[in-house]
Amino acid sequence: VYTVVTKDFEGLMLFTFENGKMAKVALKNYETKTNRKKLIGAYSAKSPIRDIKFLKEDTDIAVVTDNGRILCLNTELIPLKSTKSTQGVQVIKQPKNGARPVSVKEADSCGIDGISAYRIRSIPAAAKSPKHENIQLSLLP
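Keep in mind it's a predicted model, so treat the numbers as computed, not measured. (Residues numbered from 1 in each chain as written. Predicted model: local features only at pLDDT ≥ 70, side-chain atom pairs only at ≥ 80, totals over all residues. Heavy atoms only, no water.)

Q: Break down the overall build of the protein for me, citing the residues and quoting the values.
A: Per the secondary structure count, the protein includes zero helices and eight strands. Shown N-terminal to C-terminal, the secondary structure of the protein runs as helices and strands in the order β-β-β-β-β-β-β-β. The proportion of buried residues among the 141 residues of the protein is 41%. At a minimum sequence separation of 6, the contacts of the protein that also span at least 24 residues come to 72%. (Helix = DSSP H or I, 4+ residues; strand = E, 2+ residues; numbered from the N terminus. Buried < 20%, exposed > 50% of the residue type's maximum accessible area, 1.4 Å probe, protein only. Contact = heavy atoms within 4.5 Å.)

Q: Give me the lowdown on the sheet that holds strand β5 (residues 70-74), citing residues and values where you can.
A: Sheet strands line up and pair through hydrogen bonds in the backbone, either parallel or antiparallel. Taken together, the three strands give an open sheet; going across it, the order is β5-β4-β8, and neighbouring strands pair in antiparallel fashion. Looking at the sheet topology across the chains shown, the edges are occupied by β5 and β8 (101-106). Ignoring strand direction, the axes of neighbouring strands in this sheet form an average angle of 20°. Pairing of strand β4 (residues 60-65) with β5 involves five bridges; the strand directions are antiparallel. By the bridge assignment for β5, Ala62 is matched with Cys72. (Pairing = 2+ DSSP bridges. Axes fitted to C-alpha atoms, helices over the stretch in contact; angles between N-to-C directions.)

Q: Give me the nonpolar core: which residues, what numbers.
A: Counting 16 residues, the largest nonpolar core has Met22, Ile61, Val63, Leu71, Leu73, Ile78 and Val91 as its most contacted members. Setting aside anything within four residues of it in sequence, one finds Val91 in contact with Gly20, Lys21, Met22, Leu71, Leu73, Ile78, Ile123, Pro124 and Ala125. In terms of nonpolar packing, the next biggest core, distinct from the first, is built from 10 residues, Ala23, Val25, Leu27 and Ala42 among them. (Core = buried A, V, L, I, M, F, W, Y, C linked by side-chain atoms within 4.5 Å.)

Q: With reference to specific residues and values, describe the environment of Gly11.
A: Locating Gly11 in the fold gives a position in the segment before β1 (12-17). Once the C-alpha coordinates of Gly11 and Glu57 are considered, the two residues, 46 residues apart in sequence, prove to be 6.0 Å apart. Not counting chain neighbours up to four residues away, the residues in contact with Gly11 comprise Ala26, Leu27, Phe54, Leu55 and Lys56.

Q: Which residues make up the environment of Thr83, and what are the values?
A: Checked against the element boundaries, Thr83 lands in the loop between β6 (80-81) and β7 (89-90). If near-sequence neighbours (up to four positions away) are discounted, Thr83 is found in contact with Val25 and Asn29.

Q: Describe in detail the confidence of the model for the protein, supporting the description with residues and values.
A: When the pLDDT values of the protein are averaged, the result is 80; 86% of them are 70 or greater. Counted against residues more than four places away or in other chains, residues 137-141, with its pLDDT under 50, gives 11 contacts. (pLDDT = per-residue confidence, 0-100.)

Q: Describe the environment of Thr3, listing the residues and the values that go with them.
A: Structurally, the position occupied by Thr3 is in the segment before β1. Considered as a pair, Thr3 and Phe54 are 51 residues apart in the sequence and their alpha carbons are 9.1 Å apart.

Q: Can you break down the pattern of salt bridges residue by residue, with the values?
A: Throughout the structure, instances matching the rule amount to six salt bridges. We note a salt bridge from Glu18 to Arg50, for which the minimum N-O separation is 3.0 Å. Residue Glu18 is located in the loop between β1 and β2 (21-26), and its partner Arg50 is located in strand β3 (residues 49-55); the two are separated by 32 residues in the primary sequence. Residue class for Arg50 comes out partly exposed when judged on its relative accessible area of 32%. Here Asp60 makes a salt bridge to Arg119, at a shortest N to O gap of 3.2 Å. Placement of the pair is Asp60 in strand β4 and Arg119 in the segment after β8, with a sequence separation of 59 residues. In this structure Asp60 comes out as partly exposed when scored by relative accessible area, which is 23%. Among the ionic contacts, a cluster of salt bridges with common partners joins Glu18, Arg50 and Arg100. (Salt bridge = Lys/Arg side-chain N within 4 Å of Asp/Glu carboxyl O.)

Structure representation (structure tokens):
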């Protein structure tokens, strides 16, 4: 369950799915003319959701997969979608063992020293194995 309380509908919603896709949707797309008790179709149901984040603006994020690999990217790489139910775009290349995203945190507060070593310039990209001296135990699942 994830809740965002807003009056001005400014900002972005970032959805991370189990299949390695991410979707970025403007909060304005959730504005309605009538008061509803329940929001229907807030995000795509084609793949299980792994993480939901509210962002005031595009920022650097760190993604950790279930096999302990790390990927850092700026959310500007993820195209802004106009529909709430978008499936998103592939961000993490899925290797044969099927690495899935587990944790998504802002890069500044993720607990990894030298996060720039895990930065990608284009998507999709493969997550990198961590250097053990750069990571804190609180980040890993």
